[in-house]
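# Topology and contacts: notes
Here are the chains, one letter per residue:
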Amino acid sequence: MKRIFKKFFSLILIIILVVLCYFQRGWFKEQYNHLKGMYYIYKGDKAYSADNMGKTLDYYNLGLQLFPKHYEAWYNLGNIYAVHEDYYSAVDAYEHAIKANPKFVMAKMNLGIIYSEDLGFFDDAIIQFDEITKIKLMKLCIPFVYSNIKSIKGNRGLAYFNKGVAWKQKAMFLPQEKIFLYNEYLGNAIESYTKALKLLKKNYDIYYNRAVAHHLRGEYRDAGLDYCKAIQISPMKFEGHYNLAVLLRQLNRNRDSITELQKAALLISESPNSSSIETTYIFNLLNEVSRRLITSDEYFTEKLSDLTPVYGSYTYIHGKVVADEDFDKAIYANFKTCAGIAYFEDKEEE
């Protein structure tokens, strides 16, 4: 009796499965396609790791035809197109990723960056970055195991930063008939950078870019303070020193300008990525400011030779000067010191 019951029960299950397959054949086919699509996407990942771009694109496209809602595959495809500067294909891939997952922050971020920095679609970029700041993601924290709180906060700060960059770019590329919007757009950039700093407090790029926006608006005190903040965070990056030197030159603070130009010149001459044009331009500017200092009243109260800082101790071995640890520390401290900071702080008190 028990065996008959088991056979009857198995038969009922088979009948139910056959009925489900018949009436839900579309669903079963979809699941089969999803599995097959995921297999092709896996093959695409393997081809990408092997640096075979031809096979990577073929497998990804096959996989996405079968599983078009695989947003991570669309995102990976967008990154590949972006690296190879096929920006319109990258935009299409990122848009598919966002359509499949409207809260996909990194797809929106990369799409906004391409809109802003590569295609000049500044308004579209600002929309993407705005949407990122409004996305509500579930915060999860398991002590000593996993936490996404820092990444959520960091991505929101990065979105505000990129929004600021887009506003600055929009200001720089204004047509002549809309030039009256220049300061307004730069003000929007400054507002975005300020919001970014509330989330990413010690970030060189944010302080530096906010300084540039203030500088372009003629807000020299704020620009100087932000350049100095950027220099204190990353003293070995030449851009902060160089732009501060240009600002100090505009303010006729020639001695301080030379100090920063000397640092910028040394840093760019040591950089493997620097161009001869940049190096030549900095040294020409250094010569020009030095001539201005020599012919000014400032030169007679402070000799030009006094501009060279004393860095600390060093050792002379086999005909070569070898820096010791104190020397290195003194060099770093010197580069971290911001020429003109007292001047900008005094202006702030006024």
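Before going further, it helps to examine the nonpolar core. Counting residues in each nonpolar core, the largest one holds 64 residues, and the members touching the most others are L77, Y94, A107, I114, Y193, Y227 and L244. Residues within four places of L77 in sequence aside, it is in contact with L57, Y60, N61, L64 and A93. Among the nonpolar cores identified, the runner-up in size contains 10 residues, and Y242, A245, L261 and I268 belong to it.

Turning to the pattern of salt bridges, a few remarks are in order. Side chains bearing opposite charge may pair, as long as their charged atoms lie close to each other. Applying the stated rule across the entire model yields 9 salt bridges. E131 serves as the salt-bridge partner of K108, at 2.4 Å between the closest nitrogen and oxygen. With K108 in helix α6 (residues 105-119) and E131 in helix α7 (residues 122-134), the pair connects residues that are 23 residues apart, well separated along the chain. A residue is classified by how much of its surface remains accessible, and K108, at 6% relative accessible area, is buried. Taking the relative accessible area as the measure of exposure, E131 reaches 32% and is therefore partly exposed. Across the pair D222 and R221 runs a salt bridge, and its minimum N-O distance is 2.9 Å.

Scanning the entire structure with this criterion turns up 1 disulfide. At a sulfur-sulfur separation of 1.8 Å, the disulfide partner of C228 is C338. As the torsion about the S-S bond is roughly -55°, the C228-C338 disulfide counts as left-handed. Of this pair, C228 sits in helix α11 (residues 220-233) while C338 sits in the loop between α16 (325-336) and α17 (341-349), and the two are 110 residues apart along the sequence. When sorted by exposure, C228 lands in the same class as C338, which is buried.

Attention now goes to a nonpolar patch on the surface. Among the surface-exposed residues, M172, F173 and L216 lie close enough to one another that they form a single nonpolar patch of about 300 Å² accessible area. Looking at the element boundaries, L216 is found in helix α10 (residues 204-216).

Once that is clear, we can look at the environment of N110. The residue N110 is located in helix α6 in this model. Since its relative accessible area comes to 17%, N110 is described here as buried. Those residues within four positions of N110 in sequence are excluded, and the remaining contacts are Y75, N79 and Y94.

The next point concerns the packing of aromatic side chains. Taken as a whole and assessed by the stated rule, the structure comprises 12 aromatic pairs. Note on Y75 and Y94: the rings are 6.0 Å apart at their centroids and 50° apart in plane angle, and the pair reads as tilted. Separated by 19 residues along the polypeptide, Y75 in helix α4 (residues 71-83) and Y94 in helix α5 (residues 87-100) bring together distant segments of the chain. Across the pair, Y94 and Y75 agree in class, each one buried. Ring geometry for W167 and Y185: centres 5.2 Å apart, planes at 45°, overall tilted.

Reading guide: rules and limits
- Every chain's residues receive numbers from 1 upward, in the order its sequence appears when written.
- At least 70 in pLDDT is required for a residue's local features to be given in this predicted model, at least 80 for side-chain atom pairs to be given and counted, and no such filter applies to totals for whole chains, interfaces and linings, which use all residues.
- Calculated side-chain values reflect all of the structure's heavy atoms, with hydrogen atoms and water omitted.
- Here, nonpolar core means buried Ala, Val, Leu, Ile, Met, Phe, Trp, Tyr and Cys residues that are tied together by side-chain atoms lying within 4.5 Å of each other.
- Accessible area is worked out with a 1.4 Å probe on protein chains only. A residue is then buried under 20% of its type maximum, exposed over 50%, and partly exposed in between.
- In what follows, residue pairs with any heavy atoms lying within 4.5 Å of each other are defined as contacts.
- Here a salt bridge means any side-chain nitrogen of Lys or Arg lying within 4 Å of a carboxyl oxygen belonging to Asp or Glu.
- Helix and strand definitions here come from DSSP, where helices need a minimum of 4 consecutive H or I residues and strands a minimum of 2 consecutive E residues; each element is numbered from the N-terminal end.
- When the sulfur atoms of two cysteines come within 2.5 Å, that pair is taken as a disulfide.
- Residues enter a patch when their relative accessible area is above 30% and they make no salt bridge; the linking distance is 9 Å between like charges and 5 Å between nonpolar side chains (Val, Leu, Ile, Met, Phe, Trp, Tyr).
- For accessible areas, the Shrake-Rupley method is used with a probe of radius 1.4 Å. Any residue's cover is judged against the shown protein chains and nothing else.
- Pairing of aromatic side chains here covers Phe, Tyr and the six-membered ring of Trp, requires ring centres within 6.5 Å, and sorts the geometry by plane angle: under 30 degrees stacked, over 60 edge-to-face, intermediate tilted.

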